[in-house]
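# Examining the three-dimensional arrangement
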Amino acid sequence: MEKHGGTLDENSIDFSISVNPYTPEWKGALFKRCEEISSRYTYVEWIEERFRKIFGEDTVITAGATEAFSIIGRIIEGRKVIIPSPSYGEYERVALKSDVVKIPPRNSKVDIDIALEVAMNLSKEHNTVIFLGNPNNPTGEYFRIEKEIEFLANKGVLFVLDEAFIDFVDKEKRWQIDHPNVIVIRTFTKSYGMPGIRVGYVKNKSLMDFFESNRLPWAIGSCGYAFIEFLLIDNGKFLNESIPMIRQEAIRFRKIGIQTDANFGILKVGNASAAQESLDRVGIHVRNCGSFGLTEWIRVAVRKKEENDRLFEAIKKVIK
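Quick summary incoming for the structure in this document. As the structure is a prediction and not an experimental result, all values here were calculated from the model.

Looking now at the overall build of the protein chain. Across its full length, the protein chain holds 11 helices and 12 strands. Relative to the compact-globule value of 20 Å for 320 residues, the protein chain shows a C-alpha radius of gyration of 20 Å, a close match. In terms of overall dimensions, the protein chain has C-alpha extents of about 55 × 55 × 35 Å along its principal axes. Here the protein chain, with 320 residues, has 57% of them falling under the buried criterion. Sequence separation of 24 or more characterises 73% of the internal contacts of the protein chain that already satisfy a separation of 6 or more. Carbon and sulfur atoms make up 48% of the accessible area of the protein chain, which amounts to about 15100 Å² in all.

Here the focus is helix H8 (residues 221-234). In this model H8 runs 20 Å from its N-terminal to its C-terminal C-alpha over 14 residues, within 8% of the 20 Å that 1.5 Å per residue would give. Counting buried residues along H8, 11 of its 14 residues qualify, which places the element largely inside the surrounding structure. When we look at burial in H8, the residues that qualify are Ser-222, Gly-224, Tyr-225, Ala-226, Phe-227, Ile-228, Glu-229, Phe-230, Leu-231, Leu-232 and Asp-234.

A few words now on a nonpolar patch on the surface. A grouping of Tyr-41, Tyr-43, Trp-46 and Trp-218 is seen on the molecular surface, where their side chains present a nonpolar patch of about 470 Å² in accessible area. Mapped onto the elements of the fold, Trp-46 is located in helix H2 (residues 45-55).

A few words now on the side chain of Glu-229. The residue Glu-229 is located in helix H8 in this model. Of the residues examined, Glu-229 reaches a relative accessible area of 15% and is grouped as buried. Those residues in contact with Glu-229, other than ones at most four positions away along the chain, are Arg-33 and Ile-47.

Moving on to the nonpolar core. Among the nonpolar cores identified, the biggest contains 53 residues, and Tyr-192, Phe-227, Ile-228, Ile-298 and Leu-311 are the most heavily contacted of them. Element by element, the count of residues in this core is highest for H8, at seven residues. One finds Ile-103, Ala-115, Ala-119 and Val-169 within the second-largest nonpolar core, a separate group that totals 25 residues.

Moving on, we come to the sheet that holds strand S9 (residues 264-268). Spatially, the three strands line up as an open sheet ordered S9-S12-S11, and their pairing is antiparallel. Because the sheet does not close on itself, it has two edges, and the strands there are S9 and strand S11 (287-288). Where S9 lies against strand S12 (residues 297-301), five bridges are found, and the strand directions are antiparallel. Considered in S12, the bridge of Lys-268 is made with Trp-297.

Moving on to the state of the cysteines. For the structure shown, the criterion picks out one disulfide. One disulfide bridge connects Cys-34 with Cys-223, the sulfur atoms lying 2.1 Å from each other. Residues Cys-34 and Cys-223 share a disulfide whose torsion about the S-S bond is about -75°; that sign makes it left-handed. On the criterion of sequence distance, the pair formed by Cys-34 in helix H1 (residues 27-37) and Cys-223 in helix H8 is long-range, its members being 189 residues apart.

We now examine the sheet that holds strand S7 (residues 182-187). An order of S2-S8-S7-S6-S5-S3-S4 is seen for the seven strands of this open sheet, with the pairing classed as mixed. In the strand order of this sheet, the two ends are held by strand S2 (59-62) and strand S4 (99-103), each with one partner. Within the sheet, the average angular offset between the axes of one strand and its neighbour, ignoring direction, is 20°. Where S2 and strand S8 (residues 200-203) come together, four bridges link them in antiparallel fashion. Within the sheet, the bridge partner assigned to Ile-61 lies in S8 and is Tyr-201. Running at roughly 145° to strand S6 (residues 158-162), helix H6 (residues 146-154) makes contact with S6 and S7 of the sheet.

We now examine the pattern of salt bridges. Inspection of the entire model under this criterion finds 22 salt bridges. Residue Glu-229 is joined to Arg-33 by a salt bridge in which the shortest nitrogen-to-oxygen separation is 2.8 Å. One end of the pair, Glu-229, is in helix H8; the other, Arg-33, is in helix H1, with 196 residues separating them in the sequence. On the basis of relative accessible area, Arg-33 is assigned to the partly exposed category, the value being 23%. With a shortest N-O distance of 2.6 Å, Arg-93 and Glu-90 are connected by a salt bridge. Here the residue Arg-93 and the residue Glu-90 both occupy positions in helix H4 (residues 90-94), the gap between them amounting to three residues, near one helical turn. Taking relative accessible area as the criterion, Glu-90 reaches 6% and is therefore assigned buried.

Conventions used here
Residues numbered from 1 in each chain as written. Predicted model: local features only at pLDDT ≥ 70, side-chain atom pairs only at ≥ 80, totals over all residues. Heavy atoms only, no water. Helix = DSSP H or I, 4+ residues; strand = E, 2+ residues; numbered from the N terminus. Rg over C-alpha atoms; globule rule 2.2 N^0.38 Å. Buried < 20%, exposed > 50% of the residue type's maximum accessible area, 1.4 Å probe, protein only. Contact = heavy atoms within 4.5 Å. Areas by Shrake-Rupley, 256 points an atom, 1.4 Å probe, with all protein chains shown as cover. Expected span 1.5 Å × (residues − 1). Patch = residues over 30% accessible without salt bridge, like charges linked within 9 Å, V, L, I, M, F, W, Y side chains within 5 Å. Salt bridge = Lys/Arg side-chain N within 4 Å of Asp/Glu carboxyl O. Core = buried A, V, L, I, M, F, W, Y, C linked by side-chain atoms within 4.5 Å. Pairing = 2+ DSSP bridges. Disulfide = S-S within 2.5 Å. Axes fitted to C-alpha atoms, helices over the stretch in contact; angles between N-to-C directions.

Written out as structure tokens, the structure reads:
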């Protein structure tokens, strides 16, 4: 079982990684540009000012969400860290030097009410942090809890909001919060369908200096730098074209019992390992959710219509 999904079988349709199945038309030109600048150092500071004009003056570019999480690990050392389950495994990894409090799921979903209640109680005596994927990985649910977060942030609770999949959420559902106790992490890995290019950013005005001084120099590399160049020129055009098609396909996933606010969701199959192996045999690779603590569930991504049709047919035949 791969920790983060993925398969070496190039003949299999990979539903285990939750990335945009479409890629920008400028992808080829991007890699040509990457080659052109690969022989020199690329300082992210050279392009960050232009980046901030589009994505906000409170942003700091990082090598994907992973680098941002690593830096956050230094901020939260020694604190009480609340991690609702099921959730992205990196939260626990970066909190190794903290006192982690895990919140069990309710019916396979995040028990957000209990998580917020525990945060409130712990904050009375401890420096408290809560990690929250929004939309959540692996369930795909999006939480409308902006008022609750603002209330607890004012009480001193530090929120780490992982919005890696926010681009896939309907725009009318999204909300934003600007608070010194709220760190927002985003990445382009998922929404641009290129997980091999490590570019993301963190939003928090009061911690900008800390993130800038702790990120690795040249971490985004030449391809990451070139990606940002094309991203700024594109200015959202690719997402405006591709995301509506994915949202439309996500609605079709209800026919197999999956409702999601993102581009992936979970399905109860009885034995996740057995289901994954059976689907692999017919060329469909899914994510076994055992690493999330959900041994009876698989996670599947929303792909193109013809690929989704094959998934539906395979599940009908294989999953009892």
